[in-house]
Number of protein chains: 2
Amino acid sequence: MNRPTPQWPLPPPMSLALAQARAAAEAGEVPIGAVVVKDGVVIAEAHNSPRDLHDPTAHAEILAIRRAARALGDERLADCELWVTLEPCAMCAGAIAHARIARLYYAASDPKGGAVEHGARVFDQPQCLHRPEVYSGIGEDAAADLLKTFFRERR
Amino acid sequence: MNRPTPQWPLPPPMSLALAQARAAAEAGEVPIGAVVVKDGVVIAEAHNSPRDLHDPTAHAEILAIRRAARALGDERLADCELWVTLEPCAMCAGAIAHARIARLYYAASDPKGGAVEHGARVFDQPQCLHRPEVYSGIGEDAAADLLKTFFRERR
């Protein structure tokens, strides 16, 4: 992409999600991070950890949603925002709908595995019971660079 | 449905999944159960528990997959079968693909929330990295009756 890097600072939740993504890379996991915010307060942070946890469901979004729901003592995350560095896959988009996340912010889009604007387009299915507001592109260059560097170093 | 109830016994993993579904109903959860089998041995059983666990991702399939992966110490459930009483949703179908489940057996189909033969059709997306063999309809009357009874009693 030839777009200039934005000069304004990222919203704090996306900076935190990117920090989680960097922590994932340092742990040898694909660098994706996620943060749940309610009423302006971060209530859960997580990074992608399927290898470390021996858990194929341990994507950043799933872990952050589970932690937030545990923190609130409620299976529904009403009025919560999820900030994540990559477009969610079908599993994570489904979890976002089940959790009733109000707003989804993701950085980089993912034509290969994303299921919001690609592939299964989970929120666009008539049977989807809850569709969050969706905002994308915030911090996408930083998020995509982390992924590119991670995979380049492993080739 | 006016089809006669089959007289042959159900395969043992589906009987166990139905027993898990009944346990869910007794716990006040939507009655869905799942079992993971490897080499003919049951390595994980679970029932739907989002309310009890305060976890929107705690569908029977997700819990069974997580338990099986922990038992094997591997994020991938190669050569494993998942037996579940209802057609998986988008979240669970995504998890099944991530876990590399070899064969999926489900009882009742779910036009409202299923994402295998309905809606998002997760395994039919070109970007889906792993598609299990899929078998459906085994024990569907028993599975559907459990759900109907559960929702009728709560109306």
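Residues numbered from 1 in each chain as written. Chains lettered and ligands numbered in written order. Predicted model: local features only at pLDDT ≥ 70, side-chain atom pairs only at ≥ 80, totals over all residues. Heavy atoms only, no water.

(A) Up close: the interface of chain A and chain B. Contacts between the two partners involve 33 residues from chain A, matched on the other side by 32 residues from chain B. Here chain A packs against chain B, burying approximately 2,400 Å² in sum over the two surfaces, 59% of which is carbon and sulfur. A per-residue breakdown of the area chain A buries against chain B is headed by A:Pro56, A:Glu75 and A:Gln127, which together make up 27% of the total. Summed over the shared surface of chain A and chain B, the result is 2 salt bridges. A salt bridge links A:Asp55 to B:Arg66, with the shortest nitrogen-to-oxygen separation between them at 2.9 Å. On inspection of chain A and its partner chain B, the count reaches 10 residue pairs in polar contact (both at pLDDT 80 or more). Put simply, the parts of the chain that give the side of chain A that touches chain B at least two residues each are helix 2 (50–53), helix 3 (60–72) and helix 4 (90–98) of chain A. Among the residues forming the side of chain A that touches chain B, the class breakdown is 13 nonpolar, 12 polar and 8 charged. (Contact = heavy atoms within 4.5 Å. Buried area = accessible area lost by both parts, 1.4 Å probe. Salt bridge = Lys/Arg side-chain N within 4 Å of Asp/Glu carboxyl O. Polar contact = N/O pair within 3.5 Å; in protein donor to acceptor, adjacent residues only side chain to side chain. Helix = DSSP H or I, 4+ residues; strand = E, 2+ residues; numbered from the N terminus. Nonpolar A, V, L, I, M, F, W, Y, C, P; charged D, E, K, R; others polar.)

(B) Highlighting the UniProt feature "active site" (unreviewed entry) in chain A. All names here are of chain A. Listed under "active site" (unreviewed entry) in the UniProt record, and renumbered for this structure, are Glu-61. Note on placement: Glu-61 falls in helix 3. Judged by its relative accessible area of 5%, Glu-61 is buried. (UniProt positions renumbered as here; feature names shortened; annotations may be inferred. Buried < 20%, exposed > 50% of the residue type's maximum accessible area, 1.4 Å probe, protein only.)

(C) Spatial organisation of the relation of the copies chain A and chain B. Superposing chain A onto chain B takes a rotation of 180° plus a shift of 0.0 Å along the axis, which leaves an RMSD of 0.0 Å. The superposition of one copy onto the other is thereby described by a two-fold rotation axis. Within chain A, the C-alpha atom positioned nearest to the axis of rotation is that of A:Met91, 1.8 Å from it. The fraction of interface residues of chain A whose copies in chain B are also interface residues reaches 97%, indicating that both copies meet through the same surface. (Least-squares fit on C-alpha atoms with pLDDT ≥ 70 in both.)

(D) Inspection of the environment of A:Ile65 at higher detail. For A:Ile65, the location among the structural elements is in helix 3. A relative accessible area of 0% places A:Ile65 in the buried class. As a C-alpha pair, A:Ile65 and A:Leu77 span 12 residues in sequence and 8.0 Å in three-dimensional space. Sequence-distant contacts of A:Ile65, that is, excluding residues within four places in its chain, are made with A:Val36, A:Leu77, A:Ala95, A:Ile96, A:Ala99, B:Pro56 and B:Thr57.

(E) Focus on the sheet that holds strand 5 (residues 133–136) of chain A. Residue and element names in this part refer to chain A. In spatial order, the strands read 2-1-3-4-5; together these 5 strands make up an open sheet with mixed pairing. If you trace the sheet from one side to the other, it starts and ends with strand 2 (41–47) and strand 5, each paired once. The mean angle between the axes of side-by-side strands here comes to 15°, regardless of whether they run parallel or antiparallel. As judged from the 5 bridges shared by strand 3 (residues 80–86) and strand 4 (residues 103–108), these two strands associate in the parallel manner. Within strand 4, the position partnered with Leu-82 by the bridge is Leu-104. Relative to strand 1 (residues 33–38), helix 1 (residues 12–26) is tilted by about 150°, and along the sheet it contacts strand 1, strand 2, strand 3 and strand 4. (Pairing = 2+ DSSP bridges. Axes fitted to C-alpha atoms, helices over the stretch in contact; angles between N-to-C directions.)

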